[in-house]
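Below, each chain spelled out in residue letters.
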Amino acid sequence: MRPAHAALLLLLSPVPARASCGCLPPDLWSLVAGSDLVVEARPLPGGALAAADAPVAVEVVRAHKGQAAGRLEVLLDPGWLEDCPAAADGSPLLLWILEGDRFVQEAEQRLAQAPADTRSLERLEERRRRLAGRLVVQPFFQVTCLEPARLEAVGRAVERVDDLQRSGGGSGPRREALLELSEDSRTRELAVPALAWLAHFPGEEFPPLSPTEQARLAGAFTRDPAVDGSTTGLLALLDGYQDDSFDAALLDTLEETLLRPASGPGELFALVEVLGRLLGNEDDDWESLRREVGGPSGEGFTTEQLRRGLALVRERGGRRLSASPEGER
């Protein structure tokens, strides 16, 4: 399922979507294509939500896709203004906006493709009432609340991707743009999933990454490592590529991440994904890790269970990191 499609399903869910959950990582290409507007904007004073479906007034600072200026009213997750430090200190948010009418039309088309139960139809009618004629911020908090340096980099990336999409530049320019954005730690988490998605369909239009391209990605991670929602996609792109420096950087980063408090559920979910894949099951990371360390208990894995998973990865040797698990069985 493409992340843009996941956004639509999340908006149809019976509870507000929070992107701090362990959801599919958003990819830049799908996010730009699935947004009518992408803007930097500040919530206006007094713009706190009175109700979950009340619009928030924001002031557009800069538009990266589409034409927008001045004051907009948007629907967004009410917890975002409380959870985002940028909103508290007056810094801009990066809003990925979908026209409510378009969302409703796409949702209607999806429901028309398969028999819909009464609950689905009722939910669609509820969304039609809430969203028609309004602007909806897509539910990806981790690419909405950004520190200034990352916001600037992601904003430029949005403009670059939007230009490519409007010009129909072809797979070559798209591939190179995503490779370059995957080399930048500020945009890696958005670009790697887009590149990994294309790599799922290798062919004449998009051949597998060359060793030189794999070396670019491995080298960029080694210079500036971080475990996030893109790391399992990066491992898939590096399948069969061996690089001791990359392996060491990944292990050290996993250990450093486990030694400090998690930044949120998204980081914990990324750790589970990565450790599960390194322990040999890239199709069901959660089950793979659970079998090895005896979890999860309660709602998720404990820090100690994750550390045990990392110890097992170290015991089995570094080659498993960038080599295909299938190739070692």
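Our subject is the structure that appears above.
Residues numbered from 1 in each chain as written. Predicted model: local features only at pLDDT ≥ 70, side-chain atom pairs only at ≥ 80, totals over all residues. Heavy atoms only, no water.

**Student:** Help me understand the packing of helix H12 (residues 244–259) against helix H15 (residues 303–316), please; the structure alone is not making it clear to me.
**Tutor:** Between two packed helices, the angle of one axis relative to the other and the distance separating the axes together describe the packing. At a minimum axis separation of 10 Å, H12 and H15 run at an interaxial angle of 165°. Here H12 is positioned roughly antiparallel relative to H15, judged by the angle of their axes. Considering the relative orientation of H12 and H15, their crossing is left-handed. Residues Leu-251, Asp-252, Leu-254, Glu-255, Leu-258 and Leu-259 of H12 pack against Thr-303, Leu-306, Arg-307, Leu-310, Val-313 and Arg-314 of H15. Considered class by class, the residues forming the contact of H12 with H15 number seven nonpolar, one polar and four charged. (Axes fitted to C-alpha atoms, helices over the stretch in contact; angles between N-to-C directions. Helix = DSSP H or I, 4+ residues; strand = E, 2+ residues; numbered from the N terminus. Parallel < 35°, antiparallel > 145°, perpendicular 65-115°, else oblique. Left-handed = near helix turned anticlockwise from the far one by under 90°. Contact = heavy atoms within 4.5 Å. Nonpolar A, V, L, I, M, F, W, Y, C, P; charged D, E, K, R; others polar.)

**Student:** Looking at this structure, I do not really get the sheet that holds strand S3 (residues 70–75). What am I missing?
**Tutor:** Each strand in a sheet pairs with another by means of backbone hydrogen bonds, the pair being arranged parallel or else antiparallel. Reading around the circumference, S1-S2-S3-S5-S4 is the order of the five strands in this closed barrel, with mixed pairing throughout. The average angle at which neighbouring strand axes cross in this sheet is 55°, direction not considered. Here five bridges tie strand S2 (residues 56–65) to S3, and the two strands are oriented antiparallel to one another. Looking at S3, one finds that Val-60 is bridged to Gly-70. Those strands touched by helix H7 (residues 148–167) are strand S1 (37–43), S2 and strand S4 (93–99), and its axis lies near 60° from that of S2. (Pairing = 2+ DSSP bridges.)

**Student:** Looking at this structure, I do not really get the environment of Leu-178. What am I missing?
**Tutor:** Inspection of the secondary structure puts Leu-178 in helix H8 (residues 171–183). Along the sequence, Leu-178 and Ala-191 sit 13 residues apart, while their C-alpha atoms lie 5.5 Å from each other.

**Student:** Can you walk me through the packing of aromatic side chains in this structure?
**Tutor:** Geometrically, a pair of aromatic rings is defined through the distance of the ring centres and the angle of the planes. The tally for this structure, following the rule as stated, stands at one aromatic pair. Residues Phe-221 and Phe-246 carry aromatic rings whose centres are separated by 5.2 Å and whose planes lie at 55° to one another, so their mutual orientation is tilted. Linking Phe-221 in helix H10 (residues 211–223) with Phe-246 in helix H12, this pair joins segments that are 25 residues apart in sequence. Each member of the pair Phe-221 and Phe-246 is classed as buried. (Phe/Tyr/Trp six-rings, centres within 6.5 Å; stacked < 30°, edge-to-face > 60°. Buried < 20%, exposed > 50% of the residue type's maximum accessible area, 1.4 Å probe, protein only.)

**Student:** How do you make sense of helix H6 (residues 118–131) when you look at a structure like this?
**Tutor:** Between its terminal C-alpha atoms H6 stretches 20 Å, which fits the 20 Å expected from 14 residues at 1.5 Å a residue. Among the residues of H6, Leu-124, Arg-127, Arg-130 and Leu-131 are the ones counted as buried. The buried residues of H6 occupy an angular sector of 125° when the element is viewed end-on, so they sit on one face. Residues of H6 that are exposed and angled more than 90 degrees away from the buried face: Thr-118 and Arg-129. A positive phi of about 80° marks Gly-133, the residue just after H6. (Expected span 1.5 Å × (residues − 1). Arc of directions from axis to C-beta.)

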